[in-house]
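# Tertiary structure, described
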Amino acid sequence: MFQVPRGTRDFTPDEMQKRRYLEHNMAKTFTSFGYGEIQTPTFENLELFTAKSGESIINELYAFNDKGGRSLALRPELTAPVIRCYVERLQMEPKPLKLFYFGNCYRYDRPQKGRYREFQQAGCEIIGTDTCEATAELLALAYTLLKNTGLKNIRLNIGNLTLISAIFKKLHLLKDDQKILLPLIDKTQFDDLKIALRDCNVSEEIINEFLDVLQTSDINKIRSFIGEDHDAKTELSTMETILDLLKNAFHINEYVLKLSIVRGLDYYRGLVFEIDAPVLGAEKQLCGGGSYDLVSLFGGTEVPTSGFAIGFDRTILALEEEGFRFPARKLDVFVIPVNQTMNTTAIQITQELRSHDISADFDQLRRGIGKSLKYADARHAEKVIIVGPKELENKTVTLRDMKTGAQEIVTLTDIHTKLKEI
Ligand code: AMP
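In this text, all values refer to a predicted model and were calculated from it rather than measured experimentally.

## Topic: the domain arrangement of the protein chain
On domain assignment, one finds that the protein chain holds domain 1 (13-321) and domain 2 (331-421). The C-alpha-based centres of domain 1 and domain 2 are spaced at 52 Å.

Written out as structure tokens, the structure reads:
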């Protein structure tokens, strides 16, 4: 017996129905915000991913050499590939350039519920603007995308790396210290953070204040802790404008300012954000994003860039946990010939319905009406057409409603108009 490789999954037709629903739903929202879809290859040159993150990222990748000796990797995310494509082909496009995508990603991670080695991301990048209105719109898009899928309970948390840097500067923390502290902040391991800060000779009073500031949503408290840093002051007033637009122009009130959001990846700067689904427990993060620098690293002319990625699989898990009713997979019509001499007519009727955009199938196992009706029911057929010799003499068939069991005789020429009406 063969099994799927560890951390990967098959998707049955019922599961694919849910995934397609979500994809259509999200594509609609992206499009409504003026984004155009982009697709990039499943594998890229390995260097694309090591350029910013360093060689250590290779441990988390599916990296390999091809027969020509090229170092390649299955993509672990789509921001770097999309920015590579932008630098290669799209730099002359009018700005801002708004791109969205769906794509499989691969990470050599320890699999668990909501964490896979092959998973799908839905995401977007906006290239060429970092105005407050563009950033507020990006936050609004991430929130609206998830809300539009039918999710009820999500939390948008907004952080800022410029402010974190200003705090590190104030506490006289060195770059090497920051490398240890940031992952602890990212994972909200505040007890370990305290110990690490003590090791960096930060006083107990300041440690407590810092932890407070990491968890407060009061912008004034953050402002007074940071003090006179010029960059931080400018960033704070930018943040205020963004949050004001989010609330008063995009009408999104359900967000929390949370400086402990620092994102794991190395290329972010400035504003960063995450959206959680509390219903998911441990692996609850549905979306992560922010502004970042990659264009100049990839050889392009520097422009502001920001974006986010949503875990497609986790969004489905969250919807299921919330009891969301996905649209059911159904068949419009199942056609049953009462005997084999009716086969040709049954097929002709099926084909006629299909050509009118009605989903239709016919009995291909030559079973009796009883068994065929059972099969039609298992396929969630809405209607059944029974093709019998007596009715056919009058150019009619029997149309049965599978919900009510009601039957009527309809003429062949009327079938598709009748079904379309329904
Ligand atoms: P990241 O690129 O790490 O910021 O991830 C963006 C989103 O992708 C996360 O918020 C998750 O929802 C999802 N995600 C990341 N890694 C995995 C994984 N191994 N399995 C499933 N979803 C993932």
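## Observations regarding the site of the ligand
Taken together, 14 residues sit near the ligand, with Arg-107, Tyr-116, Gln-121, Arg-263 and Gln-285 positioned nearest. A distance of 2.9 Å separates a nitrogen atom of the ligand from a polar atom in the backbone of Tyr-116. At 3.3 Å, a backbone N or O of Leu-286 approaches an oxygen atom of the ligand. At the level of elements, strand E6 (118-127), strand E10 (285-292) and strand E11 (305-311) are the ones that each hand at least two residues to the shell around the ligand.

## Describing the packing of aromatic side chains
If you walk through the whole model with that rule in mind, you get 16 aromatic pairs. The interplanar angle of 90° and the centroid separation of 5.0 Å between the aromatic rings of Phe-324 and Phe-326 together place this pair among those described as edge-to-face. Under the relative-accessibility criterion, Phe-324 is labelled partly exposed at 24%. Assessed through its relative accessible area of 13%, Phe-326 is described here as buried. A network of ring pairs unites the aromatic residues Phe-30, Tyr-35, Phe-100, Phe-102, Phe-273, Phe-308 and Phe-312 as a single cluster. When the ring centre of Tyr-108 is taken as origin, the NZ or CZ atom of Arg-117, which lies over that ring, is 4.1 Å away. The positively charged end of Arg-367 is found above the aromatic ring belonging to Tyr-375, 4.4 Å away from the centroid.

## Considering unusual backbone geometry
Here the bond from Lys-95 into Pro-96 is cis, since omega is -5°, no more than 30 degrees from zero. Tracing the sequence through the fold places Pro-96 in the loop between helix H3 (79-90) and strand E5 (97-106). A positive phi angle, near 55°, is found at His-251, a position not held by glycine. As for its placement among the helices and strands, His-251 is situated in the loop between helix H10 (230-248) and strand E8 (255-257). One non-glycine residue with positive phi stands out, namely Lys-395, at about 55°. Turning to its location among the elements, Lys-395 is positioned in the loop between helix H14 (389-393) and strand E15 (396-401). Classification of Lys-395 as exposed rests on a relative accessible area of 59%.

## Points about the sheet that holds strand E12 (residues 331-337)
Sheet architecture is open: five strands sit in the order E13-E12-E14-E15-E16, paired in mixed fashion. The sheet is open, and its two edges are formed by strand E13 (360-362) and strand E16 (407-411), each paired on a single side. Each strand of the sheet is rotated relative to its neighbour by a mean of 25°, with strand direction disregarded. Where E12 lies against strand E14 (residues 381-387), six bridges are found, and the strand directions are parallel. Along E14, the bridge assignment pairs Pro-337 with Val-387. Sitting on the sheet, helix H12 (residues 343-355) touches E12, E13, E14 and E15, and the angle it makes with E13 is about 170°.

## Details of the sheet that holds strand E3 (residues 63-65)
The antiparallel open sheet is built from three strands, whose spatial order is E2-E4-E3. Strands at the two margins of the open sheet, each flanked by one partner only, are strand E2 (43-45) and E3. Recorded for the sheet is a direction-independent mean angle of 35° between the axes of neighbouring strands. With three bridges joining them, E2 and strand E4 (residues 71-74) adopt antiparallel strand pairing. Each bridged residue has a counterpart across the sheet, and for Glu-44 the counterpart in E4 is Ala-73.

## Points about the nonpolar core
With 109 residues, the main nonpolar core has Ile-158, Phe-273 and Phe-308 as its most contacted residues. Considering each element in turn, this core owes the most residues, 10 residues, to helix H4 (residues 132-148). Setting aside residues up to four positions removed in sequence, Ile-158 forms contacts with Leu-139, Met-239, Leu-243, Leu-246, Tyr-255, Val-256, Leu-257, Lys-258, Leu-259, Leu-271, Val-272 and Phe-273. Within the second largest apolar cluster, 17 residues are counted, among which are Met-342, Ala-360, Ile-385 and Val-397.

## Concerning the pairing of E4
Strand residues, when the strand is regular, have side chains that alternate between the two faces of the sheet. Of the strand pairs in this sheet, E3 and E4 are connected by three bridges, and their pairing is antiparallel. Across the sheet, the residue bridging to Asn-65 is Ser-71, located in E4. The turn joining E3 and E4, which pair antiparallel and follow one another in sequence, is formed by five residues; a positive phi near 80° is taken by Gly-69.

## Quick word on the pattern of salt bridges
According to the stated counting rule, one finds 26 salt bridges in the structure shown. For Glu-137, the salt bridge is made with Lys-98, and the minimal N-O distance between the two is 3.0 Å. Here Lys-98 lies in strand E5 and Glu-137 lies in helix H4, a separation of 39 residues in the sequence. Per residue, the accessibility class of Glu-137 equals that of Lys-98, and both read buried. Lys-221 is paired through a salt bridge with Asp-212; the nearest N and O atoms lie 3.4 Å apart. A relative accessible area of 38% means that Lys-221 is categorised as partly exposed. Taking the relative accessible area as the measure of exposure, Asp-212 reaches 40% and is therefore partly exposed.

Analysis parameters
Residues numbered from 1 in each chain as written. Predicted model: local features only at pLDDT ≥ 70, side-chain atom pairs only at ≥ 80, totals over all residues. Heavy atoms only, no water. Domains from an automatic or database assignment. Near = heavy atom within 4 Å. Polar contact = N/O pair within 3.5 Å; in protein donor to acceptor, adjacent residues only side chain to side chain. Helix = DSSP H or I, 4+ residues; strand = E, 2+ residues; numbered from the N terminus. Phe/Tyr/Trp six-rings, centres within 6.5 Å; stacked < 30°, edge-to-face > 60°. Buried < 20%, exposed > 50% of the residue type's maximum accessible area, 1.4 Å probe, protein only. Lys NZ or Arg CZ within 6 Å of the ring centre and 35° of its normal. Pairing = 2+ DSSP bridges. Axes fitted to C-alpha atoms, helices over the stretch in contact; angles between N-to-C directions. Contact = heavy atoms within 4.5 Å. Core = buried A, V, L, I, M, F, W, Y, C linked by side-chain atoms within 4.5 Å. Salt bridge = Lys/Arg side-chain N within 4 Å of Asp/Glu carboxyl O.

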